[in-house]
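# A structural walkthrough
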Amino acid sequence: MADTPSINDRVMAMLHARTEALTTGDAIAEPLIATSVFHLPNATDPTRVYGRIDNPTVQAVETRIGLLENAPTLLFPSGMATYGALSMAVLKAGDAILLLSDGYYAARAMYDSIFADFDIHMRLVAARDIAEAPLDGVKMVLIETPSNPTLDLVDIATLAGRCRKTGSLLVVDNTVCTPLLQQPLDLGADVVISSDTKAMSGHSDVLMGHISSRDEALMERVQNVRNLMGAIPGPFEAWLLLRGLETLELRLSRMCANADAVLPILRTHAAVKTLHYPASNSAQMAHPGFLIGVTFADTAAAGRFIDGAAPLIPATSFGGLHSSADRRARWGDDVEDGFLRLSLGCEPEAQLLAALTRGLDAV
Ligand SMILES: *Cc1c(COP(=O)(O)O)cnc(C)c1O
């Protein structure tokens, strides 16, 4: 891209997208417009026709996220809905897709249990091996980086170059980083998908997802799938996402600072067998993030940590205000029984360190 705004310019534009156009007496906050039908004496705006086609609140949130992604964006009612819609838009019977064996488990389950019946063939490769994986005949390469939950990195620009040679569509699930920590489209990816249920909304109160791409024809197909299959979010959920989005930069900086603060303790404590965290010199990430993988001796040791670290919460999911820990083996991830994924939240640092230390000492 010739004209790539800095991430802080994007945050500024996102925050002020509405206020720039206001006149005296207008509401500063984005109004929540809950309507399924529109007044249509002579319809000119094709997006103001019916609530399944579009909604002004949903559009406003798409505009804001689009400013962060620097790309046209469509909102979906969950992260998994973006996988489904994108797949319906680009795949056809006989196609092969490449997916990470250490990516989000529901994605593998979806292609395995649903799209396999439509003759879509799934190939799996671990994030650390994708640089050598053959891409010939692969229609769509779908990755996460860092991978989830072991946080291995994939070099997006290198993979994008290989995908261009084989004509494969490169899709990056950017849930873990958000557009603030990593911009896959600027590194050459064709499409970004995201579960906005996590850090993007950040308050653990809404499910949402988005698809962004600078490929207009592809976005038209995605929009057509959304219109006809009905996977449009409700305006209230979209509005909740916007409410969280406006503090994303603030929350992420606290979450990343908290990760920086706890890492030295985790690295040196005898109860920790292994630690997974992206290298801090990765050029493609602005910061290695707020997720840390920690392996304890076994399930019981991981349980003692979680109990001892109260009020940190045992919860699946991540990216919220509250620091949480999740033992991933119980969800079938290919990790040791004692592996926990820690998601650092927005607590004050001293109190967070105290809770974590209590947990470690209880192991
Ligand atoms: C949570 C998650 C999803 C699925 O998102 P939902 O909003 O739960 O549907 C997809 N990818 C990643 C990396 C996730 O963490």
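Quick caveat: nothing in here was measured; it's all calculated off a predicted structure.

### Regarding the sheet that holds strand β6 (residues 191–195)
Taken in spatial order, the seven strands of this open sheet run β1-β7-β6-β5-β4-β2-β3, and their pairing is mixed. The open sheet terminates on both sides in strands that have one partner only, identified here as β1 (73–76) and β3 (121–125). Across the sheet, the mean angle from the axis of one strand to that of its neighbour is 20 degrees, orientation sign disregarded. Sheet topology note: the strand β4 (residues 138–144)/strand β5 (residues 169–173) ladder contains five bridges and is parallel. Opposite glutamate 144, over in β5, you have aspartate 173 as the bridge partner.

### Re helix α8 (residues 235–245)
Residues Pro235, Ala238, Leu240, Leu241, Leu242, Gly244 and Leu245 constitute the buried set of α8. As for α8, its buried residues are in contact with α1 (7–16), α2 (56–69), β1 and α9 (248–268).

### Quick word on the nonpolar core
With 56 residues, the main nonpolar core has Leu266, Ile292, Phe296 and Phe305 as its most contacted residues. The element best represented in this core is α9, accounting for nine residues. Discounting residues that sit within four places of it in the chain, phenylalanine 296 has contacts with Ala271, Val272, Lys273, Ala301, Ala302, Phe305, Gly338, Leu340, Leu360 and Val363. Residues Ala107, Ile120, Leu169 and Ile211 belong to the second largest nonpolar core, which totals 27 residues.

### Digging into the site of the ligand
Around the ligand, the surrounding shell holds 15 residues, and the nearest of these are Met80, Asp173, Ser195, Thr197 and Lys198. In this structure, aspartate 173 approaches the ligand through a side-chain N or O atom, which is 2.6 Å from a nitrogen atom. In this structure, an oxygen atom belonging to the ligand sits 2.6 Å away from a side-chain N or O atom of threonine 197. The element contributing the most residues to the shell around the ligand is helix α3 (residues 79–90), with three residues. Residue classes in the shell around the ligand are distributed as six nonpolar, six polar and three charged.

### With respect to the environment of phenylalanine 296
Among the structural elements, phenylalanine 296 can be located in the loop between β9 (291–295) and α10 (299–308). Given the relative accessible area of 1%, phenylalanine 296 is considered buried. Separated by 10 residues in the primary sequence, phenylalanine 296 and isoleucine 306 place their C-alpha atoms 11 Å from one another.

### Some words on the environment of isoleucine 306
Looking at the element boundaries, isoleucine 306 is found in helix α10. We classify isoleucine 306 as buried; its relative accessible area is 16%. Once residues lying within four places of it in the same chain are set aside, the contact partners of isoleucine 306 are Pro314, Ala325 and Leu340.

### Digging into the pairing of β6
Most of β6 sits inside the fold, with five of its five residues counted as buried. On β6, burial covers both faces: Val191, Ile193 and Ser195 on one face and Val192 and Ser194 on the other are all buried. Relative to β6, β5 runs parallel, the two being bridged by three bridges. Bridging across to β6, valine 172 finds its partner in valine 192. Bridge count between β6 and strand β7 (residues 209–213): five bridges; the pairing is antiparallel. Looking at the pairing, serine 194 lines up with histidine 210 of β7.

### Considerations on the sheet that holds strand β12 (residues 339–343)
If you trace the five strands from one edge of the open sheet to the other, you get β8-β9-β12-β11-β10, paired in mixed fashion. Each edge of the open sheet is held by one strand with a lone partner, namely β8 (274–276) and β10 (313–314). In terms of strand pairing, β9 meets β12 through five bridges, oriented antiparallel. Bridge pairing links threonine 295 to phenylalanine 339 in β12. Its contacts with the sheet place α9 against β8, β9 and β12, and it is angled at close to 15 degrees to β9. Across the face of the sheet, α10 comes into contact with β10, β11 (324–327) and β12 while running at roughly 25 degrees to β12.

### Here's the deal with the side chain of serine 87
The topology assignment puts serine 87 in helix α3. Given the relative accessible area of 1%, serine 87 is considered buried. Only 2.6 Å separates the side chain of serine 87 from the side chain of tyrosine 111, close enough to count as a polar contact. Here serine 87 is in contact with Met110, Tyr111, Phe115 and Met140, once residues within four sequence places are set aside.

### A look at the packing of aromatic side chains
Inspection of every chain in the model, using the stated rule, returns six aromatic pairs. Ring geometry for tyrosine 104 and tyrosine 105: centres 5.3 Å apart, planes at 45 degrees, overall tilted. Ring centres 5.0 Å apart and planes at 25 degrees place the aromatic pair phenylalanine 296 and phenylalanine 305 in the stacked group. Classification of phenylalanine 305 by relative accessible area gives buried; the value is 1%. Here the guanidinium or amino end of arginine 226 rests over the ring plane of phenylalanine 76, the centre of that ring lying 5.9 Å away.

### Comments concerning the packing of α3 against helix α4 (residues 105–113)
Running from N to C, α3 and α4 point in directions that differ by 40 degrees, and their axes come no closer than 10 Å. Once α3 is placed against α4, the crossing between them reads as right-handed. From α3, Met80, Tyr83, Gly84 and Ser87 reach across to α4, where they touch Ala106, Ala107, Met110 and Tyr111. The residue makeup of the contact of α3 with α4, split by class, is six nonpolar, two polar and no charged.

Scoring rules and cut-offs
- The numbering scheme is per chain: residues are counted from 1 as the chain's sequence reads.
- In view of the model being predicted, local features appear only for residues whose pLDDT reaches at least 70, and side-chain atom pairs are presented and counted only at 80 or more, with totals across whole chains, interfaces and linings using the full set of residues.
- Think of the side-chain values as coming from all heavy atoms in the structure, minus any hydrogens and water.
- In short, DSSP must find at least two bridges between two strands for them to pair.
- Each helix is a run of H or I in the DSSP string that is no shorter than four residues. Each strand is a run of E no shorter than two, and both are numbered from the N terminus.
- Lines fitted to the C-alpha atoms define the axes, with helices restricted to the stretch that makes contact. Angles between their N-to-C directions range from 0 to 180 degrees.
- Here's how the labels work: a residue is buried when its accessible area is under 20% of the maximum for its type, exposed when over 50%, partly exposed in between, all with a 1.4 Å probe on protein chains only.
- Contacts: residue pairs with any heavy atoms within 4.5 Å of one another.
- Take the buried residues of types Ala, Val, Leu, Ile, Met, Phe, Trp, Tyr and Cys, join any two whose side-chain atoms come within 4.5 Å, and each joined set is a nonpolar core.
- Residues are classed as near a molecule or strand on a simple rule: at least one heavy atom within 4 Å of it.
- N or O atoms closer than or at 3.5 Å make up a polar contact, with two conditions inside protein: a donor-capable atom paired with an acceptor-capable one, and, for residues adjacent in sequence, both atoms drawn from side chains.
- All residues other than Ala, Val, Leu, Ile, Met, Phe, Trp, Tyr, Cys, Pro, Asp, Glu, Lys and Arg, Gly among them, are scored as polar; the first ten of these are nonpolar and the last four charged.
- Within 6.5 Å between ring centres, the rings of Phe, Tyr and Trp (the latter by its six-membered ring) count as paired, and their orientation is classed by plane angle as stacked under 30 degrees, edge-to-face over 60, tilted in between.
- Placement of a positive charge over a ring is assigned whenever Lys NZ or Arg CZ falls within 6 Å of the ring centre and within 35 degrees of the normal to the ring plane.
- A clockwise turn of the near helix away from the far one marks a right-handed crossing, whereas an anticlockwise turn of less than a right angle marks a left-handed crossing.

That is the geometry; function is a separate question.
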